[in-house]
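Here are the chains, one letter per residue:
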Amino acid sequence: MRLKKGLMISAIATASILALGACAGGGAEEETPAAPEVEEFEAGTTMAELNEAGKITIGTKFDQPLFGLKGLDGKPVGFDVEIGKIIASELGIPEDGIEWVETVSANREPFLENGTVDLVIATYTINDKRKEVIDFAGPYYNAGQDLLVLEGNPEGITGPEDLEGMPVCSVAGSTSEANIAEYGVELITTDTYSNCLEPLRSGQVVAVTTDNVILAGLADQNPGEFEVISNPFTEEPYGIGLTHGDTEFRNWINDLLEEIYEDGRWADAWEATAGTVLKTPEPPAVDRY
Ligand code: GLU
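Note that this is a predicted model, so its numbers are computed, not measured.

Cut-off values and rules
Residues numbered from 1 in each chain as written. Predicted model: local features only at pLDDT ≥ 70, side-chain atom pairs only at ≥ 80, totals over all residues. Heavy atoms only, no water. Core = buried A, V, L, I, M, F, W, Y, C linked by side-chain atoms within 4.5 Å. Buried < 20%, exposed > 50% of the residue type's maximum accessible area, 1.4 Å probe, protein only. Helix = DSSP H or I, 4+ residues; strand = E, 2+ residues; numbered from the N terminus. Salt bridge = Lys/Arg side-chain N within 4 Å of Asp/Glu carboxyl O. Near = heavy atom within 4 Å. Areas by Shrake-Rupley, 256 points an atom, 1.4 Å probe, with all protein chains shown as cover. Nonpolar A, V, L, I, M, F, W, Y, C, P; charged D, E, K, R; others polar. Pairing = 2+ DSSP bridges. Axes fitted to C-alpha atoms, helices over the stretch in contact; angles between N-to-C directions. Contact = heavy atoms within 4.5 Å. Disulfide = S-S within 2.5 Å. Phe/Tyr/Trp six-rings, centres within 6.5 Å; stacked < 30°, edge-to-face > 60°. Lys NZ or Arg CZ within 6 Å of the ring centre and 35° of its normal.

J.: How would you summarise the nonpolar core if you had to cite specific residues and measurements?
T.: One recurring pattern in soluble globular proteins is that nonpolar side chains are buried together. If you look at the biggest cluster of nonpolar residues, it comprises 56 residues, and the most contacted ones within it are Phe79, Ile87, Leu91, Tyr140, Ile240 and Ile253. The element that contributes the greatest number of residues to this core is helix 9 (residues 247-263), accounting for seven residues.

J.: Can you explain the pattern of salt bridges? Please cite residues and give values.
T.: Within this structure, the stated rule accounts for 12 salt bridges. In this structure, the salt-bridge partner of arginine 130 is glutamate 109, at a minimum N-O distance of 4.0 Å. Taken together, the residues arginine 130 in helix 5 (residues 128-131) and glutamate 109 in helix 4 (residues 108-113) connect sequence positions 21 residues apart. Classification of arginine 130 by relative accessible area gives buried; the value is 4%. Taken together, the shared-partner salt bridges in this structure form one network comprising Glu90, Glu259, Asp263 and Arg265.

J.: Break down the site of the ligand for me, with residues and values.
T.: Around the ligand, a shell composed of 16 residues is seen, among which Lys61, Ser105, Thr125, Tyr193 and Asp211 lie nearest. Bound to the protein, the ligand loses 100% of the 280 Å² it would expose on its own. Of all the elements in the fold, those that place two or more residues in the shell around the ligand are helix 6 (175-181) and strand 11 (207-211). Counted by class, the shell around the ligand contains five nonpolar, seven polar and four charged residues.

J.: Can you break down the sheet that holds strand 9 (residues 167-171) residue by residue, with the values?
T.: With mixed pairing, the five strands of this open sheet are ordered in space as 10-9-11-8-12. Two strands close off the open sheet at either side, each with one partner strand: strand 10 (186-190) and strand 12 (226-228). Direction aside, neighbouring strands of the sheet carry axes that sit 30° apart on average. Where strand 8 (residues 145-150) lies against strand 12, three bridges are found, and the strand directions are antiparallel. Its bridge partner being in strand 12, leucine 148 is matched across the sheet by valine 228. Together, strand 8, strand 11 and strand 12 form the strand contacts of helix 8 (residues 212-221), whose direction differs from that of strand 11 by roughly 125°.

J.: Please provide a residue-by-residue account of unusual backbone geometry, values included.
T.: For the bond running from glycine 138 to proline 139, omega is 5°, close enough to zero to count as cis. Within the fold, proline 139 resides in strand 7 (residues 134-143). Of note, the phi angle at threonine 123 is positive, near 40°, even though the residue is not glycine. Positive phi values are uncommon outside glycine, yet serine 230 reaches one of about 60°.

J.: For the state of the cysteines, give the residues involved together with the corresponding values.
T.: Applying the stated rule across the entire model yields one disulfide. Across a sulfur-sulfur distance of 2.1 Å, cysteine 169 and cysteine 196 are joined as a disulfide pair. Because the torsion about its S-S bond is -70°, the bridge between cysteine 169 and cysteine 196 counts as left-handed. Here cysteine 196 lies in the loop between strand 10 and helix 7 (197-202) and cysteine 169 lies in strand 9, a separation of 27 residues in the sequence.

J.: Go over the sheet that holds strand 3 (residues 68-70), please, and point to the residues and values.
T.: Backbone hydrogen bonds hold the strands of a sheet together, and the pairing may be parallel or antiparallel. Spatially, 2-3-4 is the arrangement adopted by the three strands of the open sheet, whose pairing is antiparallel. For this open sheet the edge positions go to strand 2 (63-64) and strand 4 (76-77), each flanked by a neighbour on one side alone. Bridge analysis of strand 3 against strand 4 gives two bridges, and the strand direction is antiparallel. Bridging from a neighbouring strand, lysine 70 pairs with proline 76 of strand 4.

J.: Any details on the packing of aromatic side chains? Residues and values, ideally.
T.: Going through the model one piece at a time under the given rule, you end up with 16 aromatic pairs. The interplanar angle of 55° and the centroid separation of 6.2 Å between the aromatic rings of phenylalanine 67 and tyrosine 141 together place this pair among those described as tilted. Residue phenylalanine 67 is located in the loop between strand 2 and strand 3, and its partner tyrosine 141 is located in strand 7; the two are separated by 74 residues in the primary sequence. Tyrosine 141 shares its class with phenylalanine 67; the two are buried. Here the aromatic rings of tyrosine 141 and tyrosine 238 are separated by 5.8 Å at their centres, their planes lie at 55°, and the arrangement is tilted. With tyrosine 141 in strand 7 and tyrosine 238 in strand 13 (residues 236-243), the pair connects residues that are 97 residues apart, well separated along the chain. Here tyrosine 141 matches tyrosine 238 in class, with each residue buried. Above the plane of the ring of tyrosine 289 lies arginine 250, whose end atom (NZ or CZ) is 4.0 Å from the centre.

Interpretation in functional terms is not warranted from these geometric data alone.
Okay, structure coming up:
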């Protein structure tokens, strides 16, 4: 249960105003402006430390339309970024207190382990191997791995089974790389999915593979050039990466996710970003492992 400091203050203020009103016969109009609704965090928790510092460092993608794409003003935009802003604001941190750091697939665990970032919100699949070194709140979205091909699908590819022995591009350190390797493809890896687009254009590879929603964003960004097969073959629950063992912070973020599923902030964040291209899904159940 997350107790809001602001709400408590308002309750006390209302009680005092009522008491004043009773004595002085009607001062109730002079209501003070509502205090920001930030919790009173228990000393020693990560939430208290971040709140006290007034800043947070969040790792996200900088080249993935709809989820995390660095804008012309240098700030990233997308669904992951919106989730990060909600978490920061609930910690009492203003938007200009968020330092956005680019994380690519391969450096997400190291950046959390060595303290480069406080959180990673970056199309980051929750899995057991990663849970050995970091922890995850969430999931806050369920994606699935898919294939991106040239518009018109000249090779007639319908799924990963069609790709045996064929050149396919993916990203080092991702689940996409590990999953597609099981299909006997000729795997070409790079550090970001946007770097796979030129090899696809030039015919160096016949497909790019990662999560359907990342591919949808890349297709949308390059109209008429690419298409997503739309035959997802894995489950990719997106989590919020945090320091291994920080159960209080994980529980707090999980509570917050459930709150924003309920109050509409999750759907608003989706609709303002990924929802411009993709249908609004039901939010997934939080996994309190
Ligand atoms: N969701 C997958 C992963 O976390 C693929 C997308 C990505 O690399 O960001 O590995």
